[in-house]
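# Fold and geometry: a report
Here are the chains, one letter per residue:
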Amino acid sequence: GAVVSQHPSWVICKSGTSVKIECRSLDFQATTMFWYRQFPKQSLMLMATSNEGSKATYEQGVEKDKFLINHASLTLSTLTVTSAHPEDSSFYICSARGRQGAYEQYFGPGTRLTVT
Amino acid sequence: AQSVAQPEDQVNVAEGNPLTVKCTYSVSGNPYLFWYVQYPNRGLQFLLKYITGDNLVKGSYGFEAEFNKSQTSFHLKKPSALVSDSALYFCAVRGVNTGGFKTIFGAGTRLFVKA
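Scope of this entry: the structure provided in the associated data block. Everything quoted here is computed from the prediction, not taken from an experiment.

What counts as what
- Residues numbered from 1 in each chain as written.
- Chains lettered and ligands numbered in written order.
- Predicted model: local features only at pLDDT ≥ 70, side-chain atom pairs only at ≥ 80, totals over all residues.
- Heavy atoms only, no water.
- Salt bridge = Lys/Arg side-chain N within 4 Å of Asp/Glu carboxyl O.
- Buried < 20%, exposed > 50% of the residue type's maximum accessible area, 1.4 Å probe, protein only.
- Helix = DSSP H or I, 4+ residues; strand = E, 2+ residues; numbered from the N terminus.
- Contact = heavy atoms within 4.5 Å.

So, about the pattern of salt bridges. Throughout the structure, instances matching the rule amount to 5 salt bridges over all chains. Among the salt bridges present, the one from A:R24 reaches A:E22, with a minimum N-O distance of 3.5 Å. With a relative accessible area of 26%, A:E22 lands in the partly exposed category. In this structure, A:E104 engages B:K49 in a salt bridge whose closest nitrogen and oxygen atoms are separated by 3.4 Å. Here B:K49 lies in strand 6 (residues 44–50) and A:E104 lies in the loop between strand 9 (90–98) and strand 10 (106–107), a pairing that spans two chains. Relative accessible area serves as the criterion here: at 6%, A:E104 is assigned to the buried category. Classification of B:K49 as partly exposed rests on a relative accessible area of 27%.

What follows covers the environment of B:H75. Residue and element names in this part refer to chain B. In this structure, H75 sits in strand 9 (residues 73–78). Taking the C-alpha atoms as reference, H75 lies 5.2 Å from C23; in sequence the two are 52 residues apart. Contact partners of H75, with chain neighbours within four places excluded, come to T20, V21, K22, C23, T24, W35, E64, A65 and E66.

Residue and element names in this part refer to chain A. Structurally, I69 is set in strand 7 (residues 67–73). On the basis of relative accessibility, which here comes to 15%, the residue I69 falls in the buried class. Sequence spacing of I69 and S95 is 26 residues, and the spatial spacing of their C-alpha atoms is 13 Å. Apart from residues no more than four positions distant in its own chain, I69 is found in contact with W35, A48, S50, A56, Y58, S77, T78 and L79.

All quantities given are derived from atomic positions and should not be read as evidence of function.
Next comes the structure, spelled out in structure tokens:
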């Protein structure tokens, strides 16, 4: 149980284009989803927290107009990187926390974004 | 503000030997503590958590961790390391009495288990 999927697992896009990453909780309802960014050999940096049906809460320094987060249902959240630049290249990981077992988070496998 | 420290960037252990990955935390109020493991190019996998109760917590793959309130530590341990345990380990903390439900992750400790 508690499986989180992400799609795509990797994506290459050209500078200036937008990329959408999907995060789904497959066997539980995720009241809260988190989006992280991880640089090579570094820890996870929390970008934003979203609750189903409400606007995401962004961490300081994260541009909300650049990283659009939508948590439309209890099983789906999307992160759209708009007007991507090479510095946006990174490993993006989503995480979900459900009503039951609301302590630990369950992580998706991550999406490797490369902007050329 | 809450924080997590993993003082070792890397831990090297011979297969069959016991391993310890250290973690200390700072949080106001009672903490929720977690350990996660990450394999290359993958997301994090939950290993174990301390919420309340027994200070010694047992988790997946034979790992355990001991909550020590006086030392504000939550070290990860395993009696006998396997080569397959080689991975990146993250300690995380969430304050119970703080506003919001943000979990803070440590910088990670890379574990190398040599055959």
